[in-house]
Amino acid sequence: MHLIVGVKHVPDADTRLRVDPSGTTYDPDGVKFTINNTYDEATLEESLRLKDGNPGTTVHVVSVGPPRAEEGLRAALAMGADEATLVEVGTGTELDPLLTARLLAAVIRGIPHDLVLVGRQAADDEAGQVGSALGHYLGLPSAGYVTGLEVDPASKRLHIKRYVEGGEETLGMEFPAVLSILKGANDPRTPTLPNILKARRKPLRKVPVGDLLPALETWPGGAKPTSRVTAFQLPPPRAGAKILEYTSPEEAAGKLLAALREEAKVL
Amino acid sequence: MTLNVLVLTDQRGGTLKTASRETLSEARRLVERAGGGRVWAGLVGSGLDAILPKVQEMGPDSVLLMDDPVLKDFQAAAYAVAARAMLEGIPSPRVILAPATAMGREWLPRLGAALGTGVATEATEVVPDPEGGIRIRRTVFGGKATVSVALPEGSCATLRVNTFAADPRPGQAPVTRVPVPEIPKEARAISVESTVEAPRDTVDLTQASIVVAGGRGLKGPENFHLVEDLARILGGAPAASRAVVDAGWRPASYQVGQTGKTVAPQLYIAIGISGAIQHLVGMSNSRCIVAINRDAAAPIFKVAHYGIVGDALAIVPALIGALRAERP
């Protein structure tokens, strides 16, 4: 079974952001990047568990990003992935979620794939579009908000659980398919030192974005983004909570309910 | 300018989601802001007669109905083809909106990919773009920043739930039945085997307008019922921090935060939660945040609007008591 996992190299959740002079993105200068974003780590862990449980399974991680994204792919290899492909984009290349999905699809078409897994969204732009769009571009069934999966490689069937508002669905699916993982009920493994060393020798292929773009001209949406960020803004810092003073729990409760009703008007 | 809007409504099992009502209302307002145009409500599914009046009462100009047993369960590939068929009768300039529910967030990217247009997720503001299409605003980086996105005519956007007012405008929009197009083979490779419905008396976490969340400050699983009691009496949903889920006090379905659910209710009450960044990204867009925590220096007080510094085990029972006293 061949698994593909899409990952994105993103700023660390704790990092402080500043607006770039263009006003349409953040300034990457001084930003600490995570090895991989947390949604991807859970997805990767889920794939590695499938690999552990099904001998002969391979995990190929793919990413679209600037050269620094190689660091994320190496970390994925250190966790246990077998191979990596980076679609390398220059800092001037404009991307949007669907163009990213088209680039990933163009690369994945050339790699054997039974299952394509992505996190439900990236931790930076939180678009959550790639999984579903990949399904279209690859002509495969897709399911989002997946909370658990079981694979039967012999029958090429997959049973997944997915979150829906007000409940949970169990789906039966045929391979190949694309899944967006809501959250692996898992703790992502920490790479061991020998695996980190081994990862350095695992194959990591770099594909310049320019090699893929011409072929996208004939796809719906083409080789350019179809949405454009016109402004990136940081909200004004919050003033902090209004602390309610009290002498008894009952007084605290009364003050809070009064504030929620009369001031905030949310009750 | 004029702008025509197709709203793809989220319904499951014959119930129209509140989020669909919000999106229908915002579509109405968007058309008004554009200075003209029409709102189409698109219903895809099976056995939809019962919810037709509920859609009509939100004041769309027309209702497009695709009602067929083959569409009973939501499936992005099939529903995207269905939506494309509905679009054929809608003149440009047009845009497609849907609530940012699990269904809408999966449906629209697949549709947008097929159409070759732009897609934006979880919009908190939608305005007509003088250059055509729409401009939306959304939060990114877990609420640490916002972006404005320009989407050309023909694009799709999902609207964040609990953000736009549902404002009924009774009407009798005519209903047009749209025949089911050919469903692609990839959509037939997937089927629903079973559905587990949440108990009737519980409110879904991501849809709830009030969320009461508990953390390790509750000291032990035996005290977590305080969170659930308060949620119930407020008509809200209970939730938990990752620490609580990791400790096994409550299942993962309770978890709010980066590796759990993202919520943006009208009121979020954080009880005994210190407010690690991974938790904050899941709830910082809530309209009003209350923090109850013993540690006055806890980061949760920086994002909260109201704070009570004190022992949750004393404060929460007092809150429940006060609310119960009001509703005998």
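Cut-offs used in this document
- Residues numbered from 1 in each chain as written.
- Chains lettered and ligands numbered in written order.
- Predicted model: local features only at pLDDT ≥ 70, side-chain atom pairs only at ≥ 80, totals over all residues.
- Heavy atoms only, no water.
- Helix = DSSP H or I, 4+ residues; strand = E, 2+ residues; numbered from the N terminus.
- Expected span 1.5 Å × (residues − 1).
- Buried < 20%, exposed > 50% of the residue type's maximum accessible area, 1.4 Å probe, protein only.
- Contact = heavy atoms within 4.5 Å.
- Buried area = accessible area lost by both parts, 1.4 Å probe.
- Salt bridge = Lys/Arg side-chain N within 4 Å of Asp/Glu carboxyl O.
- Patch = residues over 30% accessible without salt bridge, like charges linked within 9 Å, V, L, I, M, F, W, Y side chains within 5 Å.
- Areas by Shrake-Rupley, 256 points an atom, 1.4 Å probe, with all protein chains shown as cover.
- Core = buried A, V, L, I, M, F, W, Y, C linked by side-chain atoms within 4.5 Å.
- Domains from an automatic or database assignment.
- Pairing = 2+ DSSP bridges.
- Axes fitted to C-alpha atoms, helices over the stretch in contact; angles between N-to-C directions.
- Phe/Tyr/Trp six-rings, centres within 6.5 Å; stacked < 30°, edge-to-face > 60°.
- Lys NZ or Arg CZ within 6 Å of the ring centre and 35° of its normal.

## Thoughts on helix α3 (residues 97-108) of chain A
Because the α-helix completes a turn every 3.6 residues, residues three or four places apart line up on one side.
Residues and elements named next belong to chain A.
Consideration 1: Helix length check: α3 (12 residues) gives 16 Å between terminal C-alpha atoms against 16 Å at 1.5 Å per residue, within 8%.
Consideration 2: Among the 12 residues of α3, 12 are classified as buried, and the element is accordingly described as predominantly covered.
Consideration 3: Turning to α3, its buried residues number three or more, namely Pro97, Leu98, Leu99, Thr100, Ala101, Arg102, Leu103, Leu104, Ala105, Ala106, Val107 and Ile108.

## Side note on the interface of chain A and chain B
Consideration 1: Contacts between the two partners involve 81 residues from chain A, matched on the other side by 90 residues from chain B.
Consideration 2: When chain A packs against chain B, the two sides together hide about 7200 Å² of surface, and 52% of this comes from carbon and sulfur.
Consideration 3: In this assembly, chain A and chain B are joined by 4 salt bridges.
Consideration 4: The closest approach of N and O atoms between Arg162 of chain A and Glu106 of chain B, which form a salt bridge, is 3.4 Å.

## Structural notes on a nonpolar patch on the surface
Consideration 1: On the surface, Leu193, Ile196 and Leu197 of chain A cluster together into a nonpolar patch covering about 270 Å² of accessible area.
Consideration 2: Looking at the secondary structure, you find Leu193 of chain A in helix α5 (residues 193-199).

## Section: the environment of Ile51 of chain B
Residue and element names in this part refer to chain B.
Consideration 1: Locating Ile51 in the fold gives a position in the loop between β4 (39-45) and α2 (52-56).
Consideration 2: Taking the C-alpha atoms as reference points, Ile51 and Leu16, 35 residues apart in sequence, are found 6.3 Å from one another.
Consideration 3: Setting aside anything within four residues of it in sequence, one finds Ile51 in contact with Gln11, Gly14, Thr15, Leu16 and Leu43.

## Comments concerning the nonpolar core
Consideration 1: One finds Leu134 of chain A together with Leu6, Leu8 and Trp107 of chain B to be the most contacted residues of the largest nonpolar core, which totals 61 residues.
Consideration 2: Looking at which element gives the most residues to this core, the answer is helix α3 (residues 76-87) of chain B, with 10 residues.
Consideration 3: With near-sequence residues (within four places) excluded, Leu6 of chain B lies in contact with Trp40, Ala41, Gly42, Leu64, Ala83, Met86, Leu87, Ile90, Val95, Ile96 and Leu97 of chain B.

## Re the domain arrangement of chain A
Consideration 1: The assigned domain composition of chain A is domain 1 (2-216) and domain 2 (236-267).
Consideration 2: For domain 1 of chain A and domain 2 of chain A, the distance between their C-alpha centres works out to 43 Å.

## Side note on the sheet that holds strand β6 (residues 94-99) of chain B
Residue and element names in this part refer to chain B.
Consideration 1: The strand order β7-β11-β6-β1-β4-β5-β12 describes an open sheet built from 7 strands, whose pairing is parallel. Each having just a single partner strand, β7 (119-123) and β12 (175-177) make up the two edges of the open sheet. Going across the sheet, the axis of each strand differs from the next one's by a mean of 25°, ignoring polarity.
Consideration 2: Relative to β6, strand β1 (residues 4-8) runs parallel, the two being bridged by 4 bridges.

## What to know about unusual backbone geometry
Consideration 1: That bond from Phe175 of chain A to Pro176 of chain A is cis: its omega, -20°, falls within 30 degrees of zero.
Consideration 2: Residue position: Pro176 of chain A is located in the loop between β7 (167-174) and β8 (177-181).
Consideration 3: Cis geometry marks the peptide bond from Ser92 of chain B to Pro93 of chain B, where omega comes out at -5°.
Consideration 4: Along the chain, Pro93 of chain B falls in the loop between α3 and β6.
Consideration 5: In this model, Lys156 of chain A sits at a positive phi of 55°, which is unusual for a non-glycine residue.
Consideration 6: With respect to the helices, strands and loops of the structure, Lys156 of chain A is situated in the loop between β5 (142-152) and β6 (157-164).
Consideration 7: Positioned with a positive phi, Asn162 of chain B is a non-glycine residue whose angle comes to about 65°.

## Some points on the sheet that holds strand β13 (residues 190-197) of chain B
Two pairing modes exist for strands in a sheet, parallel and antiparallel, and in both the strands are linked by backbone hydrogen bonds.
Consideration 1: Read across the sheet, 10 strands follow the order β9(A)-β3(A)-β2(A)-β1(A)-β4(A)-β8(A)-β5(A)-β6(A)-β7(A)-β13(B) without closing on themselves; strand pairing throughout is mixed. Two strands close off the open sheet at either side, each with one partner strand: β9 (204-208) of chain A together with β13 of chain B. Going from strand to strand, the sheet's axes swing by 30° on average, the running direction of each strand aside.

## Digging into the pairing of strand β17 (residues 288-293) of chain B
All names here are of chain B.
Consideration 1: Of all 6 residues making up β17, 6 are buried, and the element is well covered by its neighbours.
Consideration 2: In β17, alternate side chains face the same way, and those of Cys288, Val290 and Ile292 on one face and Ile289, Ala291 and Asn293 on the other are all buried.
Consideration 3: As paired strands, strand β16 (residues 267-271) and β17 are joined by 5 bridges and run parallel to one another. Residue Tyr268 lies in a different strand from β17, and its bridge partner there is Ile289.
Consideration 4: Where β17 meets strand β18 (residues 306-309), 4 bridges bridge the pair, whose relative direction is parallel. Each bridged residue has a counterpart across the sheet, and for Ala291 the counterpart in β18 is Gly307.

## Overview of the packing of aromatic side chains
Consideration 1: Counted by the stated rule, this structure contains 9 aromatic pairs over all chains.
Consideration 2: Here the aromatic rings of Tyr137 of chain A and Trp219 of chain A are separated by 5.6 Å at their centres, their planes lie at 40°, and the arrangement is tilted. With a gap of 82 residues between them, Tyr137 of chain A in helix α4 (residues 130-138) and Trp219 of chain A in the loop between α6 (209-216) and β10 (228-233) connect regions that are remote in the sequence.
Consideration 3: Judged by relative accessible area, Trp219 of chain A falls into the buried class, the value being 13%.
Consideration 4: One aromatic cluster in this structure is built from Tyr26 and Phe232 of chain A together with Phe141 of chain B.
Consideration 5: In this structure, Arg38 of chain B packs its charged tip against the face of Trp40 of chain B, placed 5.3 Å from the ring centre.

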